[in-house]
Amino acid sequence: IASNKGLIGLTRVAARELASDHIRANAVLQGQFASEVGIKTSAPGENYRRFLRDLPDRGSAQTAGMVNLVLFLCSQAAGDITGQVFQVDNGVDTT
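Because the structure is predicted, anything quoted here is derived from the model rather than measured.

## Observations regarding the overall build of the protein chain
Moving on, step 1. Tallying secondary structure elements over the protein chain gives four helices and two strands in all.
Moving on, step 2. By sequence separation, contacts in the protein chain at least 24 residues apart represent 70% of the contacts at least 6 residues apart.
Moving on, step 3. Total accessible area on the protein chain stands at roughly 6,500 Å², and carbon and sulfur atoms take up 56% of it.

## Points about helix H4 (residues 64-73)
Moving on, step 1. Of all the residues in H4, the buried ones are Met66, Leu69 and Leu73. In an axial view of H4, the angular spread of the buried residues amounts to 65 degrees, which keeps them on one side of the axis.
Moving on, step 2. The elements touched by buried residues of H4 are strand E1 (27-30) and strand E2 (85-88).

## Quick notes on the nonpolar core
Moving on, step 1. In terms of nonpolar packing, the biggest core is built from five residues, these being Met66, Leu69, Leu73, Ala78 and Val88.
Moving on, step 2. Looking at this core element by element, the count peaks at three residues for H4.

## A closer look at the side chain of Thr11
Moving on, step 1. Mapped onto the elements, Thr11 comes out in helix H1 (residues 2-18).
Moving on, step 2. Among the residues examined, Thr11 registers a relative accessible area of 6% and is labelled buried.
Moving on, step 3. Not counting the four nearest positions on each side in its chain, Thr11 is found in contact with Ala25, Asn26, Ala27, Gly83 and Gln84.

## Some thoughts on H1
Moving on, step 1. Its 17 residues place the ends of H1 24 Å apart at the C-alpha level, agreeing with the 24 Å of an ideal helix rising 1.5 Å per residue.
Moving on, step 2. The set of residues buried in H1 consists of Ile8, Thr11, Ala14 and Ala15. Projected onto a plane normal to the axis of H1, the buried residues spread over an arc of 135 degrees and lie on a single side. In H1, the exposed residues that point more than 90 degrees away from the buried face are Ala2, Leu10, Arg16 and Glu17.
Moving on, step 3. The inward-facing, buried residues of H1 abut E1 and E2.

Rules and cut-offs
Residues numbered from 1 in each chain as written. Predicted model: local features only at pLDDT ≥ 70, side-chain atom pairs only at ≥ 80, totals over all residues. Heavy atoms only, no water. Helix = DSSP H or I, 4+ residues; strand = E, 2+ residues; numbered from the N terminus. Contact = heavy atoms within 4.5 Å. Areas by Shrake-Rupley, 256 points an atom, 1.4 Å probe, with all protein chains shown as cover. Buried < 20%, exposed > 50% of the residue type's maximum accessible area, 1.4 Å probe, protein only. Arc of directions from axis to C-beta. Core = buried A, V, L, I, M, F, W, Y, C linked by side-chain atoms within 4.5 Å. Expected span 1.5 Å × (residues − 1).

Printed below as a string of structure tokens:
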């Protein structure tokens, strides 16, 4: 959590300092969600099964959601977005 808070602060400072050069700074934080890698690296057990059960969409989100968000933020359509923090967490707030 402390590293997330540091990243948030860095993002906001960078956005203010770089705005005059028309450079945008945003952060995308990955929350916990079911993925093939997550399933392979997580310790099996009741806690992980409970985590999957409690996800709003039962863990169907994949990293594609993060990729699509980053692609949007890099596009001209997001030209006025800077200093923002986006958390892709499948509806489970982890900060």
